[in-house]
Amino acid sequence: MFENNLDRKECKKMSTKLYDISNWCRKGTELENYPYIGEIDIDLTLGVVAKVGDKYYTAGVLNHSNKSAGVRKIEIDFEPEDNDYENNLTCPFCGYQDDDSWELSDSEDDHECSRCSATISYERVVTVEYTSLPVKPPEIVNANLIQRSGLNAK
Ligand SMILES: [Zn+2]
C-alpha cells in the first residue's frame, strides 16, 4: 500500500524537459534533435509563459508521452508601450507578430496573444492607396508659330 502511494506520487511529479526549437523544422519533428535546455518542475502547457531563472519560455510543441516541450525563448515587456500602425497585429508584451492578422475581426478589446496568451486590445486601421498604370498616352497635335512674341524676337 505504502509503495503504491509512493509510485502514484512519483507518476504525478510535475516536470517538463525543455528543448530549444528556435530552428523548428530544420532538424525534423523529433524534439530530442533540438538543443536540450533542461528540465523544469512544472507541467508546461501551450499558451503559458514559463520563467526559468531570468529567461522566459513559451511552448510551441508538446510531447505528453515523455513530458517534453519544444520551447522558444521570448522577451516579455511588462510595461509596454502601445504599438501604433504595425503591418501585423503585434503583441505589446512579447512582440509576437500575428501573420494572419487579416483574418481577425476589425477590432477586439480582449484578444489573446497566440504566443504568450497576454490580453491585448486592437483596432484595425485601414488606409487607402492608389496604384496607377499607363494605358494610353495623351493625344498630341502639332502646331507652328505664326507670330513670335516680342520677348522671343531677336
Ligand atoms: Zn504575446
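Now for a quick tour of the structure. (Residues numbered from 1 in each chain as written. Predicted model: local features only at pLDDT ≥ 70, side-chain atom pairs only at ≥ 80, totals over all residues.)

**Some words on unusual backbone geometry**
Phase 1: Its identity is not glycine, yet Tyr85 carries a phi of approximately 55°, on the positive side.
Phase 2: Structurally, Tyr85 can be placed in the loop between strand S5 (68-74) and strand S6 (89-90).
Phase 3: Judged by local crowding, Tyr85 falls into the exposed class, with 6 C-beta atoms found within 10 Å.
Phase 4: In this structure, Ser117 takes a positive phi of about 70° despite not being glycine.
Phase 5: Locating Ser117 in the fold gives a position in the loop between strand S8 (107-112) and strand S9 (119-123). (Helix = DSSP H or I, 4+ residues; strand = E, 2+ residues; numbered from the N terminus. Buried ≥ 20, exposed ≤ 12 C-beta atoms within 10 Å, placed from the backbone.)

**Overview of the pairing of strand S3 (residues 49-52)**
Phase 1: For S3 and strand S4 (residues 55-63), the ladder comprises 4 bridges, and the chain directions are antiparallel. Within S4, the residue paired with Ala50 across the bridge is Tyr57.
Phase 2: Connecting the antiparallel pair S3 and S4 is a turn made up of 2 residues, with Gly53 showing a positive phi of about 65°. (Pairing = 2+ DSSP bridges.)

**Some words on the nonpolar core**
Phase 1: Core analysis: the biggest nonpolar cluster contains 10 residues, these being Leu18, Tyr19, Ile21, Leu31, Tyr34, Leu44, Tyr57, Ala59, Ala69 and Val71.
Phase 2: Beyond its immediate stretch of four places on either side in the chain, Ile21 contacts Tyr34, Gly60, Val61, Gly70, Val71 and Arg72.
Phase 3: The next biggest cluster of nonpolar side chains, apart from the first, holds 8 residues, and it includes Cys91, Phe93, Tyr96 and Cys113. (Core = buried A, V, L, I, M, F, W, Y, C linked by C-beta atoms within 7 Å. Contact = placed C-beta atoms within 7 Å.)

**Some thoughts on the environment of Leu104**
Phase 1: Relative to the helices and strands, Leu104 is located in the loop between strand S7 (97-98) and S8.
Phase 2: Taking the C-beta count within 10 Å as the criterion, Leu104 has 14 such neighbours and is therefore assigned partly exposed.
Phase 3: Between the alpha carbons of Leu104 and Arg124 there is a distance of 9.0 Å; along the sequence they are 20 residues apart.

**Things to note about the pairing of strand S1 (residues 16-20)**
Phase 1: When S1 meets strand S2 (residues 36-40), the two strands line up antiparallel, connected through 4 bridges. Note on S2: the bridge partner recorded for Leu18 is Gly38.

**Remarks on the sheet that holds S3**
Phase 1: Spatially, 5 strands are ordered S2-S1-S5-S4-S3 in an open sheet, and the strand pairing comes out mixed. At either end of the open sheet lies a strand with only one pairing partner, and these are S2 and S3. Sheet twist, expressed as the average angle between the axes of neighbouring strands with direction ignored, equals 40°. (Axes fitted to C-alpha atoms, helices over the stretch in contact; angles between N-to-C directions.)

**What to know about the environment of Ser107**
Phase 1: Examined against the element boundaries, Ser107 turns out to sit in strand S8.
Phase 2: Overall, Ser107 belongs to the exposed group, with 11 C-beta atoms counted inside 10 Å.
Phase 3: With 18 residues separating them in the primary sequence, Ser107 and Val125 have C-alpha atoms 9.3 Å apart.
Phase 4: Ignoring any residue separated from it by four or fewer positions in sequence, one finds Ser107 in contact with Tyr122, Glu123 and Arg124.

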